[in-house]
Amino acid sequence: MSAAPRPPLVGTPVMRKEDPDILRGQARYTFDIDLPDMLHVAVYRSPAAHARIRKVDLSRALELPGVVAGLTGEQVRQLGYVNPLSPFPFQSRDPFKRGNPTIKFFDHYCLAYDKVRFVGEPVAAVVATDRYIAEDALDLVEVELDPLPPVVDSAAALEPGSERLYEDWDDNVMLTFRVSGGDVDAAFDEADVVVKETIHSGRFTGTPIETRAVVADYDASVKTLSLWTTTQIGHAIGTLVENTIGLPGLKVHVNFRRIGGGYGQKWAFYPEEILVPLLSILTHRPMKWVETRREHMTGTIHAREQTHHIEAAVRRDGTILGVRDRIVANIGAAYPTGGLASIVTTGMFVPGAYQIANYEGQVQGVVTNKTPYGAHRGFGKSEACFVIERMVDRIAANLDLDPVDVRRRNFIPPDAFPYRSVTGPRYDSGRYGEALDKALELLDRDHWRNVKKEAAAEGRYLGIGTCLVIEPSSSTRMGSYNAGYYSVRMRMDPNGKVYVFPGGSDEGQGHATSISQLVGDELQVSFDDVMVVEGDSLACPYGSGSYSSRFSVVGTTAVTMAARALREKLTQIASVMLRHPPGGLEYADGKVSVEGRPEQAVSVSEVARVAYFYPFQLPEGMDPGLELLYHFRDPNIEFEADERGRVAMFSSFPYDAEAAVVEVEADTGLLRILKFVSVHDCGNMLNPLIVRGQHVGALAHGFGGALYEELPYSEEGQPMAATFKDYFLPTAMEMPEMVLEHIETPNPFTPGGFKGAGETGTVGPPAVLANAVEDALKPLGIAIRRLPLTPNYLWSLIQEARRSRS
Amino acid sequence: MSDRVKIGITINGAPHEGEAPARMLLVDYIRDVVGLKGTRYGCDTSNCGSCTIVMDGKSAKSCTFLAVQAHGRELTTIEGLAEGSELHPLQAAFQEAHALQCGFCTSGMVMSAHALLSQNSDPSPDEIREGIIGNLCRCTGYVPVIEAVQLAARRLDPKGGNP
Ligand code: FES
Ligand code: FES
C-alpha cells in the first residue's frame, strides 16, 4: 500500500466551514454581546456642520428615570488622563523624513469640545438602563451652538480667506503629496495634442449591513478593559486605546471575532472606541453602544470624493507621452482614518495599466465640514482608475481613434513584467492585452456594434465601453499600523488536529475555510481537523489587520510557511522514530514513511504524541511540542520614498478587463446595462467559489458607485442622504446579467501564487459604464466628467446638449 | 412609557409568554426578551431586511412591528428552520451556492426566500429577485443568493423528492 497523496484542497471550490453556524442563526456579532448589569449608550451628535459650542448641559437628561450617567467633551478633557485620539494609520505624527507628504494634525477628542466640525460629530453621551431610555434622554440634552460659516466645497475651502476648520492651521490643506517620474515638461513639448479634463468622483460609503458597535467592560481590580468592537484592525485598536486612555497600567483585550462586513469602513480608529470604554471606566459597569443607520451615514467614514485636473500629452497615434494630474480630495474633518493614505495611493496609480514614462501627480487633502474620509474597497485606486480610463476614452475621442486601440497601444506589455511604474511600484505580472481581447470576445463586440447601428437608426442610444482595472493589493506603509506583515501561530495537538491563530480577522472572506485548505494540503490532515481562531487579541499574535486584500498575499503565505515548518519538525522527529535520515522520508496521507518502503511508517499523530509526551527522545536541541509562530513580510516592497516621492508600497497587482453595453433612454436619462463582461486575473485561485463570490460582491459595489450611490450635501453642510431611503444600495433588481471569466497569472513572489481577489470588481464599473454611456451619447457630443451616472445627471446633460444644438 | 404589556406568541413552534414595554419593537423583543439573536437589524427605516422573519406564513420585517402587535401570532425565525444538526435544504443551498459572506444579512435573506418558496415552489429568477428586493446584502452581489434559491426550489419540489 503506497501513501498516495490525497487530492489537493487548494484550487478547488470547497464549501465554507463558516456557513452552518451563520445559517442556523447561531453566529454572534458584536451587538449580540450581553453582559450582566450592562448599560446602554446613546450619543448626541452635532446637528450643525460648523459651530462654536456655547453650552452642553446634561442636567435634564440625567434626571430622567433610568439614566445613569452622561459625559460631555469638556468633562473628557477635565479627566486629565484622556489624550486626543491617537494617530492612525501612521503611528507617529511625522514619519516622513523628506517632508513628502506633508501632514498637519489636529487633536480630536472622543467628544467635541469648543467647536463642532461636521453633522454627526459626537458631542455628548448619555447612559441608561436600556437603549430606549438612553434615546429619550438625548431629547433632553441641551446644547447651544453659535453657527460658523460652513466650508463644504473643496475649491472654496482652498480660497485664500476661506473660513478655517482648524484655527491654528494657516489654511484648510491637511495633506500635500507630490510624486513624479521622467521628464514631464519634455513630454508635453513633444506632444501632438494635449487633452485636458476635469473629472470628479462623488462621495460614497461602503455601508456594511452591520453598523458599528462597541461593548466595553472595565475591571478596575486588574486594570483590564475587555473590548468588543466592529473593526478590521483589532490589535491596533488595543494599542490606540492604550495610547488614548492614558490610565497607568491599563491593558486591553480586544475581541473582534465576527464582523458583519467592513469594506474599509471599519479600517479606522473611531471616537466611540474611546467613549464607550471611558463610560465603563467611569461607571464600573459594562457598556454597549450600537450605531443606528442614521448615525452610521454621518458618523462613519465616507470615501472617494476627489476632483482631478488632468492633462495628457499624446501623439496622434494615441501614444500617451506624459500625464499631469492635480488631485483635490475633499476629506471632511481630520479624523484618524485611512483617508490620507488612500489619496496618496490615488496619486501613485493614475498611470494605471499603461506604460507612461513621464508623470507628475500633485495631491491635496482638503478638510471641510463633512464627515471624515477614509478607506473603501478599491482604496484610492477606484478614483485613479476612473480618471485614467476616462482619459483614455477622451484621448480616443479627441483623436478619432478606437478607445480599445488606444488601450492596446499603451498597455504595459506582458514581457515588461516585473514592471517598475513611473511612480515607483513594481507590478508583478499581467496579461492586459489578452484579458481585454478575451473580454471583447465574450462581449461579442461586432454583434453589438451592429445592434448599436440599428438602434441609432431608430433614434435610440446604445454604447459600448471597455476598461482595464488594476487593483494593487497587500500594502505596506512605513511607520504605520499598516506594517505589511502577517503573523500566524499554529499548533498541532497530540491527536494531530491543527489549531491556527492568525493575526488578522475575517469580515466575511472565509479565512477559516481558506486556511483549512492550505493546512490540509501542507500537513495532509483533513479539512475538518483544522480549527481557526481569529479576532482575539489575547489568543492570537499581534497583527496589522484585515484590509488591502492582504490575506490572499501575505496571510496565505504565512500560513503555508508555518505549516511547512511544522511538517519539517514532524519529519525530523519521525526520522528518529524510524531510524532513517529525514532526507529519505516521505510525508503523505497522514503518515511519514521511508521512501519506497511504505510498511516502515509512523502516523502523524504518533509523531505528534512523541513531540508532546516523550520530550527526551527528541533530536538534540529540539523544543518539545508542535507549536510555532511565523511572520511573513510583504514581498516586492520598497519601504522608503525617494526624492521624487516614488515608493513601492503594494505587493501584488490583480487586474480585471471589463466591457459593457448600455442603453440610455434620452427622455428620462435612465440607463440599462444590456451586457456586462469581466475577465479577472487574481493569480492562482485558492478557492474558486470564494473568489467568484468576492468578485461578484465587489462588482455590486462597483455598480452602486457607478449608478446610484451618492452623498450630497447642502450649502449649509447638511447631509442630504442619511438613510437607506436616500442612499441607494443596489438590490437584487439592479444587478445586471454578467459574464465572468478568470485567467490565472500567478503571483511570482509567493508560494501559492495568489493575488488579492476582492477589490478589482469595485473599481471597474464606474469607468466601463461611463465609457459606454459616453459612447452611447456621442451623437449628442456629450462627455462624462463625474459620478454617479444617475438618470438626473444624464438627463440634464442630454437636455443641455439638445438645447445647445437647436 | 413604562407601560408593560403581556405578550403571548408561538415562536418556532413553541409557545412563549412574556412581558415588554408597550413601545418595544418586535425585533428587540425577539432578540432581547425571547433571546433569539439570529434575527438582526441594520437600519432604522425598514429598508435593509436583516430583521425579516415569517409571521403567520408571510415574510415580515420585525423592526416595523411593535412586539405587542405579534400577540397571538405564529412566528418563525432563522433558528426555527433546521431540524437537529441537519440544515434545512434552503440553508444547505445557501452554503453550496456561497450565498453568504459576512452573514449579517443572511437570516433575513433566508427567511424572505423561505416565505417566497412557501408561496411559489418554482420561482423564476425574476420572481426570486422580487422576493428578496427588501433584503440588502453588501457582500454577495445577490447573484449567488438567486442561485441558492433556485437550487433549493429544485430540491424542495415535492414531486422531485430528495436529491
Ligand atoms: S432592521 Fe432594517 S428593515 Fe428591519
Ligand atoms: S453576506 Fe454580508 S451583507 Fe449579506
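It should be emphasised that the depicted structure is a prediction, and the values quoted were computed from it without experimental measurement.

**Some remarks on the packing of helix α12 (residues 403–410) of chain A against helix α13 (residues 432–443) of chain A**
Residues and elements named next belong to chain A. Direction vectors running N to C along α12 and α13 enclose 160°, while the axes themselves pass 10 Å from each other. Considering the angle they form, α12 stands roughly antiparallel to α13. Touching V404, R407 and R408 of α12 are L436, D437 and L440, all from α13. Residues belonging to the contact of α12 with α13 are distributed by class as follows: 3 nonpolar, no polar and 3 charged.

**A few points about the domain arrangement of chain B**
All names here are of chain B. Assigned domains of chain B: these are domain 1 (4–77) and domain 2 (89–156). With centres defined by C-alpha atoms, the gap from domain 1 to domain 2 works out at 21 Å. Contacts between the two partners involve 16 residues from domain 1 and, on the opposite side, 13 residues from domain 2. For the pair domain 1 and domain 2, the summed buried area comes to about 1,000 Å², and 55% of that belongs to carbon and sulfur atoms. At the boundary of domain 1 with domain 2, the tally comes to 0 salt bridges. For the interface between domain 1 and domain 2, the tally reads 8 residue pairs in polar contact (both at pLDDT 80 or more). Among the elements of the structure, β3 (52–55) and β4 (58–61) are those that each provide at least two residues to the side of domain 1 that touches domain 2. Split into classes, the residues belonging to the side of domain 1 that touches domain 2 amount to 4 nonpolar, 9 polar and 3 charged.

**Re the domain arrangement of chain A**
Quoted interface sizes are often the accessible area lost when the parts come together. Residues and elements named next belong to chain A. Assigned domains of chain A: these are domain 1 (19–25 + 485–633), domain 2 (33–148 + 210–260 + 266–299) and domain 3 (306–476 + 640–805). Each of domain 2 and domain 3 has a C-alpha centre, and the two are 36 Å apart. Listed by partner, the interface residues are 28 residues for domain 2 and 30 residues for domain 3. Together domain 2 and domain 3 conceal approximately 2,300 Å² of surface at their shared face, both sides included; 64% is due to carbon and sulfur atoms. Here domain 2 is connected to domain 3 by 0 salt bridges. The interface formed by domain 2 and domain 3 includes 6 residue pairs in polar contact (both at pLDDT 80 or more). Here the side of domain 2 that touches domain 3 takes 4 residues from helix α9 (residues 293–299), the largest share from any one element. The class makeup of the residues in the side of domain 2 that touches domain 3 is 17 nonpolar, 5 polar and 6 charged.

**What about the sheet that holds β4 of chain B?**
Residue and element names in this part refer to chain B. Reading across the sheet, the 5 strands line up as β2-β1-β5-β3-β4 and stay open at both edges, with mixed pairing between neighbours. Of all the strands in the sheet, just β2 (14–21) and β4 have a single pairing partner and so form its edges. Going from strand to strand, the sheet's axes swing by 40° on average, the running direction of each strand aside. Direction of pairing for strand β1 (residues 4–11) relative to strand β5 (residues 74–76): parallel, over a ladder of 2 bridges. Bridging across to β5, T10 finds its partner in E74. With respect to the sheet, helix α1 (residues 26–34) is in contact with β1, β2, β3 and β5, its orientation differing from that of β2 by roughly 110°. Set on the sheet, helix α3 (residues 106–119) makes contact with β3, β4 and β5; between it and β3 the angle comes to about 35°.

**A few points about unusual backbone geometry**
Residue and element names in this part refer to chain A. Residue P89 is bonded to the preceding F88 through a cis peptide linkage, with omega at 0°. With respect to the secondary-structure elements, P89 resides in the loop between α3 (73–78) and β4 (102–103). Following F417, the chain continues to P418 via a peptide bond in cis, the omega torsion being -10°. The topology assignment puts P418 in the loop between α12 and β17 (419–420). Within the chain, Y263 stands out as a residue other than glycine whose phi angle is a positive 55°. Examined against the element boundaries, Y263 turns out to sit in the loop between β12 (251–255) and α8 (272–283). Backbone geometry at R304 places phi at a positive 80°, although glycine is not the residue there. With respect to the secondary-structure elements, R304 resides in the loop between α9 and β14 (306–314). With a relative accessible area of 6%, R304 lands in the buried category.

**So, the sheet that holds strand β26 (residues 597–603) of chain A**
Residue and element names in this part refer to chain A. Taken together, 3 strands build an open sheet; the order of strands is β24-β25-β26 and the sheet is antiparallel. This sheet does not close on itself; its edge strands, each paired only once, are β24 (585–588) and β26. Averaged over all adjacent pairs, the angle separating strand axes in this sheet is 30°, with direction ignored. With 4 bridges connecting them, strand β25 (residues 591–594) and β26 associate as antiparallel partners. Directly across from V592, in β26, lies its bridge partner V602. Along the sheet, helix α17 (residues 604–613) contacts β24, β25 and β26; its crossing angle with β26, the most-contacted strand, is approximately 45°.

**Things to note about the environment of D28 of chain B**
On the secondary structure map, D28 of chain B appears in helix α1. Judged by its relative accessible area of 14%, D28 of chain B falls in the buried class. Excluding its chain neighbours within four sequence positions, the residues that come into contact with D28 of chain B are Y132 of chain A together with V33 and Y41 of chain B.

Calculation notes
Residues numbered from 1 in each chain as written. Chains lettered and ligands numbered in written order. Predicted model: local features only at pLDDT ≥ 70, side-chain atom pairs only at ≥ 80, totals over all residues. Heavy atoms only, no water. Axes fitted to C-alpha atoms, helices over the stretch in contact; angles between N-to-C directions. Helix = DSSP H or I, 4+ residues; strand = E, 2+ residues; numbered from the N terminus. Parallel < 35°, antiparallel > 145°, perpendicular 65-115°, else oblique. Contact = heavy atoms within 4.5 Å. Nonpolar A, V, L, I, M, F, W, Y, C, P; charged D, E, K, R; others polar. Domains from an automatic or database assignment. Buried area = accessible area lost by both parts, 1.4 Å probe. Salt bridge = Lys/Arg side-chain N within 4 Å of Asp/Glu carboxyl O. Polar contact = N/O pair within 3.5 Å; in protein donor to acceptor, adjacent residues only side chain to side chain. Pairing = 2+ DSSP bridges. Buried < 20%, exposed > 50% of the residue type's maximum accessible area, 1.4 Å probe, protein only.

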